[in-house]
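Spelled out from the first residue to the last, the chains are:
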There are 2 protein chains.
Amino acid sequence: MLTRNERSSEDVTAMMAEIGRKARAAARPLAMASAERKHTALLAMADALLRNKAAIMEANGLDMAQGEENGLAASFLDRLKLTPERIRAMADGVRAIAELKDPIGEVIAAWDRPNGLHIERVRTPLGVIGVIFESRPNVTADAGALCVKAGNAVILRAGSDSSNSSAAIHACLAEGLRAAGLPEDAIQLVPVTDRAAVGEMLKGLGGNIDVIIPRGGRGLVERVQTEARVPVFAHLEGICHLYVDKSADLDMAVKIAVNAKMRRTGICGAAETLLVDRACADTHLLPILKALAAAGCEIRADEETREFYPEAKAATDADWTTEYLDAIISVKLVDGVADAIEHIEAHSSHHTEAIVAEDAAAVERFFNEIDSAILLHNASTQFADGGEFGMGAEIGIATGRMHARGPVGVEQLTSFKYRVRGTGQVRP
Amino acid sequence: MLTRNERSSEDVTAMMAEIGRKARAAARPLAMASAERKHTALLAMADALLRNKAAIMEANGLDMAQGEENGLAASFLDRLKLTPERIRAMADGVRAIAELKDPIGEVIAAWDRPNGLHIERVRTPLGVIGVIFESRPNVTADAGALCVKAGNAVILRAGSDSSNSSAAIHACLAEGLRAAGLPEDAIQLVPVTDRAAVGEMLKGLGGNIDVIIPRGGRGLVERVQTEARVPVFAHLEGICHLYVDKSADLDMAVKIAVNAKMRRTGICGAAETLLVDRACADTHLLPILKALAAAGCEIRADEETREFYPEAKAATDADWTTEYLDAIISVKLVDGVADAIEHIEAHSSHHTEAIVAEDAAAVERFFNEIDSAILLHNASTQFADGGEFGMGAEIGIATGRMHARGPVGVEQLTSFKYRVRGTGQVRP
């Protein structure tokens with residue numbers, strides 16, 4: 001006889017398999033939908049979000065009350081909370097995605113062969129995308145809209161703490177799909193169940209999920225990377241570095257350091273470690289550290305830095321690989337760009353690194369020898385963002401090297417195929 | 001106390017872990033190696049292959065003798081066999097790879113932002129590539145050279161039946177790396193051990209393999225897809241279709257059908273199923289089938305086709321999903337392009353499909369609605385090949401939709417990163 005748990009787990013498996021089949025079935029009409037039809041659907045989704053603001057607020061109120069009862073952290077509750085302004089921003093976000101250029105069918109490359117064959121590489125959808133996310137309910141709208149724009153079906157798995165909010169938002173997306181005559185199954189929201197649903201998604205639902213995108217904390221991303229049997233666009237943590245070279249303009253270095261660390265400390269593009277060229281320690285180190293401290297930043301430094309700035313706490317080994325997501329920075333003196341590169345290659349999560357320098361040779365070396373998704377010269381690490389790159393909305397910053405790297409926007413959610421036109425050619 | 005087997009498996013684990021660490025260590029100098037240095041290394045590899053022809057032939061003689069003793073199939077022994085001509089062709093192949101444009105550092109896209117940031121997307125290596133292959137020893141040279149050209153380190157795992165040949169070829173590649181001052185560990189050949197070595201590679205050697213490329217039969221590819229914990233460029237079988245529309249030029253259809261099926265029956269781009277538009281069955285069916293039969297092809301057909309051509313054997317359901325790799329073709333009548341698309345989407349391995357038609361609307365529909373890596377119009381499916389696409393050598397045809405699709409040449413073995421140049425910008 002089955003115990004209650006086993007039965008429940010079998011039910012989840014069957015439910016998820018059905019969701020997978022529906023997504024695959026919806027993927028084909030969506031892949032073939034015209035740009036106009038997808039545009040119509042996305043605008044209708046945005047309208048529905050505004051029209052149903054009250055219902056979304058009410059659903060969010062249930063989640064907030066439950067979250068407070070469950071004693072969730074204030075930062076978590078802040079991410080969970082929706083306001084009329086946040087709902088409007090969500091609708092604006094969907095509208096902005098609607099207005100992006102439709103990627104599907106775009107000819108990315110074309111060439112002719114000596115035998116007269118004309119070859120085109122053409123953008124196509126990826127298929128079915130699984131998105132697993134945590135607290136922020138707006139991911140429901142962002143991810144749903146981005147996937148549809150790129151012609152993909154999507155299976156969304158929201159955190160259980162935001163289940164009411166996500167369901168209310170999802171109802172608006174479904175309304176938009178219906179209004180445009182697109183299959184509602186193109187955006188499915190997994191009903192709240194236990195974590196077994198996530199496990200099923202990671203197994204790929206019998207070939208019916210083509211790629212998984214986790215959006216959440218380290219625990220989620222690590223679980224996904226360990227268990228997933230399908231490709232993953234992993235958004236690892238952002239252990240981002242700022243290196244100040246001896247050739248750096250001091251004012252610029254101060255301004256960029258404060259912005260990279262303190263503009264918003266909770267985003268993945270925030271700097272976590274500051275490396276300063278030993279050759280400019282006398283001139284540059286103190287002004288930068290004082291500006292950071294004045295902005296409210298805690299400084300954890302190596303021994304040598306503390307000789308210059310005794311107010312700093314002593315950094316431990318763990319500090320060089322910690323994503324604080326807080327007003328804390330680790331600081332270290334290095335021997336020029338070569339030493340900075342060594343430190344970064346050894347400790348970075350390969351997300352984003354910046355150099356402040358006037359010496360072109362140092363910049364070129366930094367750009368060539370560091371293998372991170374985004375490298376910046378004389379600019380803040382906080383520009384690591386799809387919107388700032390001009391890609392429109394993004395679903396995260398991929399830190400892997402396969403398929404998508406850096407901001408994952410509409411284009412990164414596509415694949416391609418080859419179209420070859422001949423006039424009767426056969427191969428000799 | 002450990003049994004002998006357990007000890008051996010631990011030894012394999014330790015050996016493979018060491019190979020992984022060495023590959024990762026070699027990947028960085030290789031990623032930063034100049035185009036010129038890689039060019040030098042590849043030419044030196046080609047020279048070494050020619051200079052060591054006798055040693056390679058001798059090693060191959062050992063494999064052939066062992067293979068005959070083990071009763072390997074004649075077709076397997078033919079793939080295993082090396083001749084002076086085949087060695088020369090291998091060296092020519094490596095030389096051709098040397099002469100390809102170096103992909104690393106290429107700016108794939110560049111744009112400016114309103115705030116003055118200049119963004120570039122630049123090609124980078126993938127990292128460490130694991131290639132697992134079976135009988136053909138020349139894959140050692142092809143895969144090694146392609147990976148090095150793209151700045152990657154590679155771990156090669158040859159079939160045990162070709163171990164002596166592969167080792168002799170590998171020695172030449174190592175000679176080329178040495179001659180150019182590149183780390184020898186950039187191309188490692190896993191010593192012959194049991195299948196445990198493959199299992200270790202599929203687990204990713206502790207993060208030291210970035211992608212696995214299996215090159216071999218269905219058994220190998222399926223094992224890789226089931227067990228791999230790292231991304232895979234899967235080359236599934238090629239169940240390629242040829243559709244002859246009612247608007248097809250008959251002579252062209254005959255010529256393409258015979259070429260697509262019979263030019264070489266053992267390659268993945270060979271056609272396995274012929275779909276003929278019912279509307280032209282009276283005119284087109286018999287000439288095509290008779291030409292195929294005259295070329296030595298066995299025909300397995302649906303009931304309706306057999307009414308036209310009773311000499312055909314009856315096709316079973318299995319025939320629609322079988323990659324014969326032999327002089328056999330399955331044949332079916334369909335109701336125009338829509339029905340052909342339905343059949344292909346249901347039975348194809350999404351490798352390559354061709355349409356013969358003069359009706360532009362039918363061609364567009366075929367091109368838009370079929371989601372296979374390569375679609376051809378009025379040309380033979382046997383053009384599904386990196387060389388024929390003008391990409392130079394290839395390591396296979398990827399049938400997945402992630403990262404690489406279609407021929408996997410040098411460019412497909414790369415990733416990219418972003419370089420952003422500013423003048424002191426901070427994010428508002």
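Just so we're clear, the structure is a prediction, and the values are computed from it rather than from any experiment.

Reading the values: the criteria
Residues numbered from 1 in each chain as written. Chains lettered and ligands numbered in written order. Predicted model: local features only at pLDDT ≥ 70, side-chain atom pairs only at ≥ 80, totals over all residues. Heavy atoms only, no water. Helix = DSSP H or I, 4+ residues; strand = E, 2+ residues; numbered from the N terminus. Rg over C-alpha atoms; globule rule 2.2 N^0.38 Å. Buried < 20%, exposed > 50% of the residue type's maximum accessible area, 1.4 Å probe, protein only. Contact = heavy atoms within 4.5 Å. Lys, Arg positive; Asp, Glu negative; His and termini not counted. Charge placed at Lys NZ, Arg CZ, Asp CG, Glu CD. UniProt positions renumbered as here; feature names shortened; annotations may be inferred. Pairing = 2+ DSSP bridges. Disulfide = S-S within 2.5 Å. Domains from an automatic or database assignment. Least-squares fit on C-alpha atoms with pLDDT ≥ 70 in both. Salt bridge = Lys/Arg side-chain N within 4 Å of Asp/Glu carboxyl O. Nonpolar A, V, L, I, M, F, W, Y, C, P; charged D, E, K, R; others polar. Axes fitted to C-alpha atoms, helices over the stretch in contact; angles between N-to-C directions. Phe/Tyr/Trp six-rings, centres within 6.5 Å; stacked < 30°, edge-to-face > 60°. Expected span 1.5 Å × (residues − 1). Polar contact = N/O pair within 3.5 Å; in protein donor to acceptor, adjacent residues only side chain to side chain. Parallel < 35°, antiparallel > 145°, perpendicular 65-115°, else oblique. Left-handed = near helix turned anticlockwise from the far one by under 90°.

1. Examining the overall build of chain A
Moving on, step 1. When you go through chain A residue by residue, the secondary structure sums to 14 helices and 16 strands.
Moving on, step 2. Expected size for 428 residues packed as a compact globule is a radius of gyration near 22 Å; at 24 Å, chain A falls within 12% of this value.
Moving on, step 3. Dimensions of chain A, computed from C-alpha atoms along their principal axes, come out at roughly 70 × 65 × 50 Å.
Moving on, step 4. Counting all 428 residues of chain A, 57% fall into the buried class.
Moving on, step 5. Here the analysis covers contacts within chain A between residues at least 6 apart in sequence; of these, 73% occur between residues at least 24 apart.
Moving on, step 6. A distance of 8 Å separates the average location of the 47 positive side-chain charges in chain A from that of its 60 negative side-chain charges.

2. So, the UniProt feature "domain: Aldehyde dehydrogenase" (unreviewed entry) in chain A
Moving on, step 1. According to UniProt, the positions carrying the feature "domain: Aldehyde dehydrogenase" (unreviewed entry) are residues 18-292 of chain A.
Moving on, step 2. Between the C-alpha atoms that bound residues 18-292 of chain A the distance is 53 Å, and the span itself is 52% helix and 16% strand.

3. Examining the sheet that holds strand E11 (residues 328-334) of chain B
Moving on, step 1. Spatial strand order, E1(A)-E2(A)-E16(A)-E13(B)-E12(B)-E7(B)-E8(B)-E11(B)-E9(B)-E10(B): 10 strands in an open sheet with mixed pairing. Pairing within the sheet leaves two strands with one partner each, and these edge strands are strand E1 (107-112) of chain A together with strand E10 (313-314) of chain B.
Moving on, step 2. Inspection of the sheet shows strand E7 (residues 240-244) of chain B paired to strand E12 (residues 352-356) of chain B by 4 bridges, in the parallel sense. Among the inter-strand pairings, Val244 of chain B is bridged to a residue of E12 of chain B, identified as Val356 of chain B.

4. Regarding the environment of Lys53 of chain A
Moving on, step 1. Secondary-structure assignment places Lys53 of chain A in helix H3 (residues 53-69).
Moving on, step 2. The contacts of Lys53 of chain A, once residues within four sequence positions are left out, are Pro84, Ile87 and Arg88 of chain A.

5. Quick notes on the state of the cysteines
Residue and element names in this part refer to chain A.
Moving on, step 1. Under the defined criterion, the tally for this structure stands at 0 disulfides over all chains.
Moving on, step 2. Here Cys280 is not disulfide-linked; the sulfur of Cys297 is the nearest cysteine sulfur, at 18 Å.
Moving on, step 3. Under the relative-accessibility criterion, Cys280 is labelled buried at 3%.

6. Quick notes on the domain arrangement of chain A
Accessible area lost upon the coming together of the parts is a frequently used measure of interface size.
Moving on, step 1. The domains assigned to chain A are domain 1 (4-235 + 408-419) and domain 2 (240-388).
Moving on, step 2. Each of domain 1 of chain A and domain 2 of chain A was reduced to a C-alpha centroid, and the two centroids are 35 Å apart.

7. Focus on the relation of the copies chain B and chain A
Moving on, step 1. In the superposition of chain B on chain A (RMSD 0.0 Å, axial shift 0.0 Å), the rotation amounts to 180°. These values place the two chain copies in the arrangement generated by a two-fold rotation axis. Considering only C-alpha atoms, the part of chain B nearest the rotation axis is His403 of chain B, at 2.0 Å.

8. Observations regarding the interface of chain B and chain A
Moving on, step 1. Of the residues lining the interface, 76 residues belong to chain B; the matching set on chain A comes to 76 residues.
Moving on, step 2. Counting across the chain B and chain A interface gives 10 salt bridges.
Moving on, step 3. Measuring nitrogen to oxygen at the nearest pair gives 3.9 Å for the salt bridge that ties Arg28 of chain A to Glu345 of chain B.
Moving on, step 4. Considering every element that reaches the side of chain B that touches chain A, the biggest residue donor is strand E16 (residues 414-425) of chain B, with 11 residues.
Moving on, step 5. A class-by-class count of the residues in the side of chain B that touches chain A yields 33 nonpolar, 21 polar and 22 charged.

9. Quick word on the sheet that holds strand E4 (residues 153-157) of chain A
Residues and elements named next belong to chain A.
Moving on, step 1. Spatial strand order, E5-E4-E3-E6: 4 strands in an open sheet with parallel pairing. With one partner strand each, in any of the chains shown, strand E5 (187-189) and strand E6 (211-215) form the two edges of the open sheet. For this sheet the average axis-to-axis angle between neighbouring strands, irrespective of direction, equals 20°.
Moving on, step 2. Relative to E6, strand E3 (residues 128-133) runs parallel, the two being bridged by 5 bridges. Of the residues in E6, the one forming a bridge with Val131 is Ile213.

10. Considering helix H8 (residues 196-203) of chain A
Moving on, step 1. Most of H8 of chain A sits inside the fold, with 6 of its 8 residues counted as buried.
Moving on, step 2. Among the residues trailing H8 of chain A, Gly204 of chain A stands out with phi positive, at a value near 95°.

11. Quick notes on the packing of aromatic side chains
Moving on, step 1. Counted according to the given criterion, the structure contains 8 aromatic pairs over all chains.
Moving on, step 2. On the numbers, 6.4 Å between centres and 80° between planes, the contact of Trp111 of chain A with Tyr418 of chain A is edge-to-face. Placement of the pair is Trp111 of chain A in strand E1 and Tyr418 of chain A in strand E16 (residues 414-425), with a sequence separation of 307 residues.
Moving on, step 3. Residue Tyr418 of chain A is classed as buried on the basis of its relative accessible area of 0%.
Moving on, step 4. Pairing Tyr243 of chain B with Phe366 of chain B gives two aromatic rings, centres 6.4 Å apart and planes at 15°, and the pair type is stacked. Placement of the pair is Tyr243 of chain B in strand E7 and Phe366 of chain B in helix H14 (residues 360-369), with a sequence separation of 123 residues. A single burial state applies to Tyr243 of chain B and to Phe366 of chain B, both of which are buried.
Moving on, step 5. Aromatic rings pair up to connect Trp111, Phe416 and Tyr418 of chain A together with Phe389 of chain B into one cluster.

12. Describing helix H10 (residues 250-262) of chain A
All names here are of chain A.
Moving on, step 1. With 13 residues, H10 ought to run about 18 Å at 1.5 Å a step, and its terminal C-alpha atoms sit 18 Å apart, in line with that.
Moving on, step 2. Buried within H10 are the following residues: Met252, Ala253, Val254, Ile256, Ala257, Asn259, Ala260, Lys261 and Met262.
Moving on, step 3. For H10, the side-chain oxygen to backbone nitrogen distance between the N-cap and Asp251 is 3.1 Å, and the N-cap itself is Asp249.

13. Let's talk about the environment of Thr283 of chain B
All names here are of chain B.
Moving on, step 1. Its place among the elements puts Thr283 in helix H11 (residues 281-294).
Moving on, step 2. Given a relative accessible area of 46%, Thr283 falls into the partly exposed group.
Moving on, step 3. The sequence separation of Thr283 and Leu173 amounts to 110 residues, and the corresponding C-alpha distance is 55 Å.
Moving on, step 4. Only 2.7 Å separates the side chain of Thr283 from the side chain of His284, close enough to count as a polar contact.

14. Here's the deal with the packing of helix H13 (residues 336-347) of chain A against helix H14 (residues 360-369) of chain A
Residue and element names in this part refer to chain A.
Moving on, step 1. At a minimum axis distance of 10 Å, the contact between H13 and H14 shows a crossing angle of 20°. Relative to H14, H13 is oriented roughly parallel. Handedness of the H13/H14 crossing: right-handed. On H14, the residues that touch Val337, Ala338, Ile341, Ile344 and Glu345 of H13 are Ala362, Arg365, Phe366 and Glu369.
Moving on, step 2. Each residue belonging to the contact of H13 with H14 can be placed in one class, and the counts come to 6 nonpolar, no polar and 3 charged.

15. Thoughts on the pattern of salt bridges
Residues and elements named next belong to chain B.
Moving on, step 1. Under the counting rule described, the total for this entry stands at 58 salt bridges over all chains.
Moving on, step 2. Measuring nitrogen to oxygen at the nearest pair gives 3.6 Å for the salt bridge that ties Lys101 to Glu106.
Moving on, step 3. Owing to a relative accessible area of 58%, Lys101 belongs among the exposed residues under this scheme.
Moving on, step 4. Under the relative-accessibility criterion, Glu106 is labelled partly exposed at 24%.

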